[in-house]
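# Architecture and fold: a report
Chain by chain, the residues:
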Amino acid sequence: MKKLPVFISLLAAFVVSGCSGTADNSVKSSEDNVFSRDIFAMDTYMSLKAYGSNADYALGLASERIIELEEMLSVTNKESDIYILDHAGGAPTELGSDTIMLIEKAIKTGSKTNGCLDITLYPIVREWGFTTGEYKIPSDDTIAEILENVGYEKINVSGDTVTLPPDCEIDLGALAKGYTSDEIMHILSENGVTSAIVSLGGNVQALGSKPDGSDWRVAVRDPFAPDMDMCIVEISDKAVITSGNYERFFVGEDGNTYWHIIDPADGYPADNGLVSVTIIGGCGLDCDAYSTAMFVAGTEKAIEFYKSVHEFEMILVTDDEKIYYSEGLEGSFTNISSMSAEVITLD
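What counts as what
Residues numbered from 1 in each chain as written. Predicted model: local features only at pLDDT ≥ 70, side-chain atom pairs only at ≥ 80, totals over all residues. Heavy atoms only, no water. Pairing = 2+ DSSP bridges. Helix = DSSP H or I, 4+ residues; strand = E, 2+ residues; numbered from the N terminus. Contact = heavy atoms within 4.5 Å. Axes fitted to C-alpha atoms, helices over the stretch in contact; angles between N-to-C directions. Buried < 20%, exposed > 50% of the residue type's maximum accessible area, 1.4 Å probe, protein only. Core = buried A, V, L, I, M, F, W, Y, C linked by side-chain atoms within 4.5 Å. Phe/Tyr/Trp six-rings, centres within 6.5 Å; stacked < 30°, edge-to-face > 60°. Disulfide = S-S within 2.5 Å. 1 Å grid on protein atoms, 1.4 Å probe; cavity = no way out; pocket = protein on both sides within 12 Å on 5 of 7 lines; lining within 4 Å. Points joined across faces, edges and corners; volume = space filled by probe spheres on them. pLDDT = per-residue confidence, 0-100.

## What to know about the sheet that holds strand S5 (residues 156-158)
Pairing in this open sheet of three strands is antiparallel, and the strands run S4-S6-S5 from one edge to the other. The open sheet is flanked by strand S4 (93-94) and S5, the only strands paired with a single partner. Sheet topology places S5 next to strand S6 (residues 161-163); three bridges connect them, and they run antiparallel. Residue pairing across strands places Ser-158 opposite Thr-161, the latter belonging to S6. Across the sheet, helix H3 (residues 97-112) touches S5 and S6, and the angle it forms with S5 is around 130°.

This is how it looks when you write it as structure tokens:
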């Protein structure tokens, strides 16, 4: 593993947990009729802001939906869909429609990205200590043993029932926040809100434009100095979601740095030349899933995948401090770092 520069760990990576949502605070500003709510849920701080006369009511509904999804998708809440499935001992388990949809999406994305996204990695992530904070470097034998039960192909979905092999466990952390922000956008829009922006632990998604009609300006963190911004992206009706090796990591006794994004191929933190991947698109769920998958894929394969599907825009930061951004962002991307920035073309 490569050594990272010394900086403050933001610990903002999302692993769905059993922590109940708290601090649901509503704030109204007379200026522009703007309402905001701050919530702690899904192990992260969430900030919601919406404009309009019905915005406060809509934010209340959105807050309830966040807590509902947290309780459903937690890996530690004994009443959640995921906990019940993971502890079913191989028995078929009936799950809610949201959970079924997310599992099917994860399987599809795993297949589409040649296994770069794999929701059955949870036991390995746990073994490294990224879910508990009790960090350690597992032995090669331990990793090999756990990998025998890893593979999204092992998941069987039949209607509203899912079956896992006895020693297989899943975690939807790579998709859940993106899906949650999509659900927030849907609720706000359904209740007449046309301008809003939310940040779910750094996952940003906007509904429409600003009230004055201009684009939202979203800052992307510098992975080499996470207390600073690297670039600005101007968006409307889009999500901006980043996965990076600076989000949750530890330095082992061997002096190397290990981060939470695991490569399903070997069970070790993905070390394929990237330190940060940002995906921009109209669907938060897709952006969330692809940000993890492209990080695992590495620079060349991520660019190849982008060119083959062209379903999103993308910003890559490599471990040699270079930025690559897709040509669809030209005119809306501003580099404010000292790194060089190169356009990824579809040619």
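## Regarding the sheet that holds strand S17 (residues 333-335)
Overall, antiparallel pairing links the three strands, which are arranged S9-S10-S17 in an open sheet. The open sheet terminates on both sides in strands that have one partner only, identified here as strand S9 (216-222) and S17. Put simply, the sheet's adjacent strands are angled 30° from each other on average, direction ignored. Examined bridge by bridge, S9 and strand S10 (residues 225-235) share seven bridges and lie antiparallel to one another. The residue bridging Arg-217 from the neighbouring strand is Glu-234, located in S10.

## Focus: the environment of Val-240
Take Val-240: it is sitting in strand S11 (residues 239-244). Along the primary structure Val-240 and Glu-313 are separated by 73 residues, whereas in three dimensions their C-alpha atoms are 9.4 Å apart. Each residue touching Val-240, except ones within four places of it in the same chain, is listed here: Gly-202, Asn-203, Val-204, Val-218, Val-220, Ile-235, Thr-278, Ile-279 and Ile-280.

## Some details on unusual backbone geometry
Its identity is not glycine, yet Met-42 carries a phi of approximately 55°, on the positive side. Relative to the elements of secondary structure, Met-42 occurs in the loop between strand S2 (34-41) and strand S3 (44-51). The phi dihedral of His-310 falls on the positive side, at around 45°, and the residue is not glycine. By relative accessible area, His-310 is classed as partly exposed at 40%.

## Details of the nonpolar core
In terms of nonpolar packing, the biggest core is built from 74 residues, with Leu-48, Leu-175, Ile-184, Leu-188, Met-314 and Leu-316 touching the most fellow members. If one sorts the elements of this core by residue count, helix H7 (residues 284-297) sits on top with nine residues. Residues in contact with Leu-316, not counting those within four places in the same chain, are Leu-274, Ser-276, Val-277, Thr-299, Ala-302, Ile-303, Lys-322, Ile-323, Tyr-324 and Ile-344. Val-34, Ala-206, Val-275 and Ile-280 belong to the second largest nonpolar core, which has 23 residues in total.

## Overview of the packing of aromatic side chains
Per the stated rule, a full pass over the model turns up 15 aromatic pairs. An angle of 45° between the planes, with centres 6.2 Å apart, marks the rings of Tyr-51 and Trp-216 as tilted. Pair noted here: Tyr-51 is in strand S3 and Trp-216 is in strand S9, with a separation of 165 residues, a long-range link. Taking 6.5 Å as the distance between ring centres and 25° as the angle between the ring planes, the aromatic pair formed by Trp-128 and Phe-130 counts as stacked. Judged on exposure class, the residue Trp-128 and its partner Phe-130 are both buried.

## Topic: the state of the cysteines
In this structure the tally under the stated criterion is zero disulfides. The thiol of Cys-283 is unpaired, and the distance to the nearest cysteine sulfur, on Cys-287, comes to 6.7 Å. Taking relative accessible area as the criterion, Cys-283 reaches 26% and is therefore assigned partly exposed.

## Comments concerning the environment of Glu-253
You can see Glu-253 is positioned in the loop between strand S12 (249-251) and strand S13 (257-259). Separated by 116 residues in the primary sequence, Glu-253 and Ile-137 place their C-alpha atoms 8.6 Å from one another.

## Topic: the layout of surface pockets
Roughly 240 Å³ of volume is contained in the second largest pocket. Every residue lining the second largest pocket is counted, 15 residues in all, and those nearest its centre are Thr-113, Asn-114, Cys-116, Ala-297 and Lys-301. Put simply, the parts of the chain that give the lining of the second largest pocket at least two residues each are H7 and helix H8 (299-309).

## What to know about the confidence of the model for the protein chain
Confidence along the protein chain averages 92 in pLDDT terms, with 91% of residues attaining 70 or more. Every residue in residues 2-24 scores below 50 in pLDDT, and together they form 76 contacts with partners more than four places removed in sequence or on other chains.

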